[in-house]
Amino acid sequence: MNPLNLLDNLNEPQQQAVLATDTALMVLAGAGSGKTRVLTRRLARLIHQGEAGVGEIMAVTFTNKAALEMRTRITELLRMDESVARRMWIGTFHGMGARFLRTHAEVLGFDPNFVILDSGDQQRLIKRLSEQMGFVDPYWTYKRLASSIGRWKDDGLGPEDLATTRLRSSRELQRLSDFYAAYQDELRRMNAMDFGDLLSNCLKLWDRAPELLTGYQRRFRHLLVDEYQDANKVQYDWMRRLAVDGALCVVGDDDQLIYSWRGARLDNILKFEEDFPNARVIRLEQNYRSSGNILRASGGLIDHNIGRKGKTLWTSGQEGALLELYVAEDGEDEARYVTREIMRLVPGQSFHDMAVLVRTSSQTRLFEQAFHEFGIPYRVSGGLRFMDRAEIKDAVSYLRLAHSMRDDLAFDRIINVPSRKLGPKALEEIQRAAAGGSLMDGARRVLETRGLGPAALGQLQKFVDLVDRAHALLEVAHPVEVLDRLLEESGYMEALELEERRADMRENLRELRVFLSQVDDLGAFLERAALEADPPGTEQREDGVSRVVISTLHAAKGLEFPVVFLVGLEEGLLPHKMAVDEGGQAAVEEERRLTYVGMTRARERLFLSHARVRRMFQRLEPVIVSRFLKEIPTGTIRKRETVITARRGVGIPRPRRRF
DNA sequence: CTTGGAGTTATTTTT
DNA sequence: TAACTCCAAG
């Protein structure tokens, strides 16, 4: 497009949102109202008009996918050179945080090559620490500890601030506060930060060195925040401090707030006008995505939420087809139904125009199986991610340890993988020898003092030598070579031979190798490995094959498809049992928003379904239909009769009546 | 001491 | 179903 026509094909409020750059701006953008278009045009215009240089704009998103998307669209819109586009600060909150903190790590007493812990690392550390400290409490499982600490960080609470939380007793308050503080000490000792630290340490950094903040405020002439409704306390503070009044634009939709479990607050939308008194608010309510029926159905559903700002989407488009509801016998039948419909639609639609949206990642398996059986190409997004696979984490841990010897979590993960007969007792000895230093140093000391049996010492020596050699090799060789040597000489590849899933694992490691070969700096690689669950070339798999997308509802936000299957509309799943049991009314409203997000992904056809019985763990449980289904206006849905399969009574067990 | 097997149990969503 | 704990063999 000619940059001069940046207002083409925009409606009145959209144009205003592109042009209003004199005061802070909040755009309340309903689903499908052209938000991304407005956002990219606004940025493109700022650059094109010379109101801000390419490097003076910051755009923050919540997911790497969204960041990449925005970057690509602006680059194309302005026909930017790759080298120029690179200078735009477009990324996730966490990515930006890491970037600031790497640059100024020493201000906070960290080494610039600090390690970023993912949630798995965090959990393992908390587990180890709670065992060490004798923190035993049936309620405070290490998982609960981990998620609570994460949540406190999201809420901007340090160990000293827990008094404001709802805890059972002052004794508990003290214990948790002590534990939280010990956890933070441990992170510091390891030169590590978890996800929450990437944000809260930025605030600390700016407190300690205000001139840095001033510098960045001057630098970033415009700050743009996407999916603003999902910002938590720390992200809000982060954003508010970085943006000078008038240089800020946030875009969000209270009906699509689906991350309150991570600290997102509706409050942010309400507070915006208080914190930026001159702020303008623009509402985008014309929907360009979905048919009238889909809009009416989803609008009827979301109307049942009490806590919302309220807005009414409208379209000038067609009513379109009615939604279809299918009641399946069980989960397998539901998957077969979706398969049949896809086959039926496929002459007119490409596979990649269709998506199956699920509440939990465990639901994906049924669809993968059915699609596999019927030869339907598919791609799973959300759910178990590339970087979470055991073999990938192992390989990355080897690299991490070679990169930073202080990375105790990496050490801990791989010291006995493959088995070196160095079990818990050996590790305990190493830990003792470390005496507060790193495990790597502890290992060296154990070797000096011969603090283990001869066989174990031999193995330990080999391990330490391997890491030392890899560390030295990093100076002169490409990381890929280092990885190859690590996996080969550690015996990891050999041990893989004994694994049952070795073909998969090998393939995954090969993909990791490809990804690694594309970077020239191990630090940059590890950064992305920590922050991006699915690095490019792994998740995207751009092989040109058109594939049906299977996605969790969370991962589907921001996407759209001509055909959407929203499955598992059952109590316990949607709304999820956890939300109903633990979160009460507010949590159910969030589940409703999640359903709303799913429905509004659809452009032309929306298929809903649920089963009559569902296999929960071992057991087939009778299903109660989702309350949300009843909240959808009846005139918008057509109910399809269950197709009675011939195998009924043979292959499909009937729900057993319980007494 | 380590390891593998048996038995048990608990299952959301993601940076 | 996978992830964890517990226990006995080597």
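These numbers were taken from a predicted model, which means no experiment stands behind them.

1. Some details on the nonpolar core
Step number 1: Phe-411, Leu-460, Leu-512 and Phe-525 are the most contacted members of the largest nonpolar core, which has 54 residues in total.
Step number 2: Broken down by element, the residue count for this core peaks at 10 residues, all from helix α20 (residues 454-476).
Step number 3: Here Leu-460 is in contact with Ile-415, Leu-422, Ile-430, Ala-443, Val-446, Leu-447 and Leu-452, once residues within four sequence places are set aside.

2. With respect to the protein's contact with DNA strand C
Step number 1: Near DNA strand C you find Lys-127, Tyr-142, Arg-365 and Gln-618, and these make up its full shell.
Step number 2: Across the surface near DNA strand C, the residue classes break down as one nonpolar, one polar and two charged.

3. Comments concerning the protein's contact with DNA strand B
Step number 1: The environment of DNA strand B is formed by 27 residues, the closest being Arg-359, Ser-361, Ser-419, Gly-423 and Phe-617.
Step number 2: Within 4 Å of the protein, atoms of DNA strand B come from sugar and phosphate in 56% of cases.
Step number 3: Contact between DNA strand B and His-94: a base oxygen at 3.1 Å from a side-chain N or O atom of the residue.
Step number 4: Examining the composition of the surface near DNA strand B, we find that three residues originate from one element, helix α18 (residues 424-434), more than from any other.

4. Description of the pattern of salt bridges
Pairing is possible between side chains that carry opposite charge, provided their charged atoms lie close to one another.
Step number 1: Overall, the coordinates contain 55 salt bridges when judged by the stated rule.
Step number 2: Here Lys-35 ties to Glu-227 by a salt bridge, and the two come within 3.3 Å at their closest N and O atoms. With Lys-35 in helix α2 (residues 35-48) and Glu-227 in the loop between β6 (222-225) and α11 (233-242), this residue pair connects regions lying 192 residues apart in the sequence. One exposure class covers both Lys-35 and Glu-227, and it is buried.
Step number 3: When the shortest N-O distance is used, the salt bridge between Arg-413 and Asp-394 registers 2.8 Å.

5. Thoughts on the pairing of strand β2 (residues 57-61)
For a regular strand, side-chain orientation follows a simple rule: the groups alternate between the two sheet faces.
Step number 1: Taken across its five residues, β2 has five buried, putting it largely inside the fold.
Step number 2: Covered by surrounding structure in β2 are Ile-57, Ala-59 and Thr-61 together with Met-58 and Val-60, the residues of both alternating faces.
Step number 3: Here β2 runs beside β6; their pairing, made up of four bridges, is parallel. Looking at β6, one finds that Val-60 is bridged to Val-225.
Step number 4: Pairing of β2 with strand β3 (residues 89-92), which is carried by four bridges, proceeds in the parallel orientation. Within the sheet, the bridge partner assigned to Thr-61 lies in β3 and is Thr-92.

6. Remarks on the sheet that holds β6
Step number 1: Strand order across the open sheet formed by six strands is β3-β2-β6-β7-β1-β8, with parallel pairing between neighbours. The open sheet is flanked by β3 and β8 (280-284), the only strands paired with a single partner. For this sheet, the mean inter-axis angle between neighbouring strands, taken without regard to orientation, is 15°.
Step number 2: In the sheet, strand β1 (residues 25-29) pairs with β8 via five bridges, with the strands oriented parallel. Its bridge partner being in β8, Ala-29 is matched across the sheet by Leu-284.
Step number 3: The strands touched by α2 are β1, β2, β6, β7 (248-252) and β8; relative to β6, the strand with the most contacts, the crossing angle is about 170°.

7. Here's the deal with helix α12 (residues 267-275)
Step number 1: Buried within α12 are the following residues: Asn-268, Ile-269, Lys-271 and Phe-272. The arc that holds every buried residue of α12, seen down its axis, measures 165°, which confines them to one face.
Step number 2: On the buried face of α12, the contacting elements are β1, α11 and β7.

8. Some words on the packing of aromatic side chains
Step number 1: Per the stated rule, a full pass over the model turns up 25 aromatic pairs.
Step number 2: Arranged with centres 5.5 Å apart and planes meeting at 50°, the rings of Tyr-259 and Trp-261 form a pair that is tilted.
Step number 3: Residue Trp-261 is classed as exposed on the basis of its relative accessible area, which comes to 51%.
Step number 4: Measuring from ring centre to ring centre gives 4.1 Å for Tyr-326 and Tyr-337, while their planes differ by 10°; the resulting arrangement is stacked. Here the residue Tyr-326 occupies a position in strand β9 (residues 323-328), and Tyr-337 occupies one in helix α14 (residues 331-345), the gap between them amounting to 11 residues. Note on accessibility: Tyr-326 and Tyr-337 belong to one class, buried.

9. Examining α14
Step number 1: The end-to-end C-alpha distance of α14 is 21 Å, a good match for the 21 Å that 15 residues give at a rise of 1.5 Å each.
Step number 2: Of the positions making up α14, those classed as buried are Gly-331, Asp-333, Glu-334, Ala-335, Tyr-337, Val-338, Thr-339, Glu-341, Ile-342 and Leu-345.
Step number 3: Between a side-chain oxygen at the N-terminus of α14 and the backbone nitrogen of Glu-332 the separation is 3.3 Å; the capping residue is Asp-330.

10. Things to note about the packing of helix α13 (residues 292-302) against helix α26 (residues 577-599)
Step number 1: Remark: α13 packs on α26, axes separated minimally by 9 Å, with the N-to-C direction vectors making an angle of 175°. One finds that α13 runs roughly antiparallel with respect to α26. Across from Ile-294, Ala-297, Ser-298, Gly-299, Leu-301 and Ile-302 in α13, the residues of α26 making contact are Arg-592, Arg-593, Thr-595, Tyr-596 and Met-599.
Step number 2: For the contact of α13 with α26, the per-class residue count stands at six nonpolar, three polar and two charged.

So, how was this worked out
- Residues numbered from 1 in each chain as written.
- Chains lettered and ligands numbered in written order.
- Predicted model: local features only at pLDDT ≥ 70, side-chain atom pairs only at ≥ 80, totals over all residues.
- Heavy atoms only, no water.
- Core = buried A, V, L, I, M, F, W, Y, C linked by side-chain atoms within 4.5 Å.
- Buried < 20%, exposed > 50% of the residue type's maximum accessible area, 1.4 Å probe, protein only.
- Helix = DSSP H or I, 4+ residues; strand = E, 2+ residues; numbered from the N terminus.
- Contact = heavy atoms within 4.5 Å.
- Near = heavy atom within 4 Å.
- Nonpolar A, V, L, I, M, F, W, Y, C, P; charged D, E, K, R; others polar.
- Polar contact = N/O pair within 3.5 Å; in protein donor to acceptor, adjacent residues only side chain to side chain.
- Salt bridge = Lys/Arg side-chain N within 4 Å of Asp/Glu carboxyl O.
- Pairing = 2+ DSSP bridges.
- Axes fitted to C-alpha atoms, helices over the stretch in contact; angles between N-to-C directions.
- Arc of directions from axis to C-beta.
- Phe/Tyr/Trp six-rings, centres within 6.5 Å; stacked < 30°, edge-to-face > 60°.
- Expected span 1.5 Å × (residues − 1).
- Parallel < 35°, antiparallel > 145°, perpendicular 65-115°, else oblique.

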